[in-house]
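Structure at a glance
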Amino acid sequence: MSTRPGRRAAEPAEGGEELVTPGSVRHSLVELAVAAVLAEILLGLVGGLPAAAAGAVLFALAALPTARYVAGGGVLDVGLRRRSRLMDSHEPGLGDWRWTVRQGLSPDGDVQPLRGRLQRLFAARLSEAHNLSLADDRDRDRVAGLIGPGLWPWIDPAAQAPAPTVPPDVLLALVDRLESL
């Protein structure tokens, strides 16, 4: 069963085992193994026993690092893979959060940066915990019910902010609701 939201697991086959899902690690390893076996057979047919033996050694030496890379075995990765995409265009830090909260609470500040960040946090939490999308109109009623009628206007991406600043008690309630999701 897949743990990624929005992705269904392959249906079990008649024998009870799961089918290999295209794009999965298992699928990639199966494809590589089939290609290696076919190449080994071809080497044996063309070059005889010495070529088959040399091919088996080369494939074994190439298979170990390839399988490790495909399976993500590089826990102590040395930077060969691309960095994972972050939610914002820069790495998150607490310094700009302080400014964002201060601007959202201040009467002469701007609520939009704080509201945008809260919407992204709620969208991520709803997606990973409940498999719901904040932007999808089909999930709108369920999302509004989960967040609550008093807090939903502050998170609703289709509506304007209910006030020019976020009251401190509303901000605390939003953070508490985000933690409880």
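Look up: the structure comes first, before these words.
Residues numbered from 1 in each chain as written. Predicted model: local features only at pLDDT ≥ 70, side-chain atom pairs only at ≥ 80, totals over all residues. Heavy atoms only, no water.

**Regarding the overall build of the chain**
For the chain, the count of helices and strands is 6 helices and 0 strands. Taken from N to C terminus, the helices and strands of the chain fall in the order α-α-α-α-α-α. Burial analysis of the chain (181 residues in total) assigns 20% to the buried set. Entry remark: accessible area of the chain is about 12800 Å², with carbon and sulfur atoms responsible for 61%. (Helix = DSSP H or I, 4+ residues; strand = E, 2+ residues; numbered from the N terminus. Buried < 20%, exposed > 50% of the residue type's maximum accessible area, 1.4 Å probe, protein only. Areas by Shrake-Rupley, 256 points an atom, 1.4 Å probe, with all protein chains shown as cover.)

**Here's the deal with the pattern of salt bridges**
In the structure shown here, the tally under the stated rule is 2 salt bridges. Of the charged contacts, one joins Glu-128 and Arg-125 as a salt bridge, the two residues approaching to 3.1 Å between their closest N and O atoms. In this pair, Glu-128 and Arg-125 are both assigned in helix α3 (residues 112–130), 3 residues apart and thus about one turn of the helix distant. Glu-128 sits in the exposed class, given a relative accessible area of 58%. Classification of Arg-125 by relative accessible area gives partly exposed; the value is 27%. Two residues, Arg-140 and Asp-156, come together in a salt bridge whose shortest N-O distance is 2.7 Å. Of this pair, Arg-140 sits in helix α4 (residues 140–147) while Asp-156 sits in the loop between α5 (152–155) and α6 (168–180); the two residues are 16 residues apart in sequence, bridging distant segments of the chain. With a relative accessible area of 6%, Asp-156 lands in the buried category. (Salt bridge = Lys/Arg side-chain N within 4 Å of Asp/Glu carboxyl O.)

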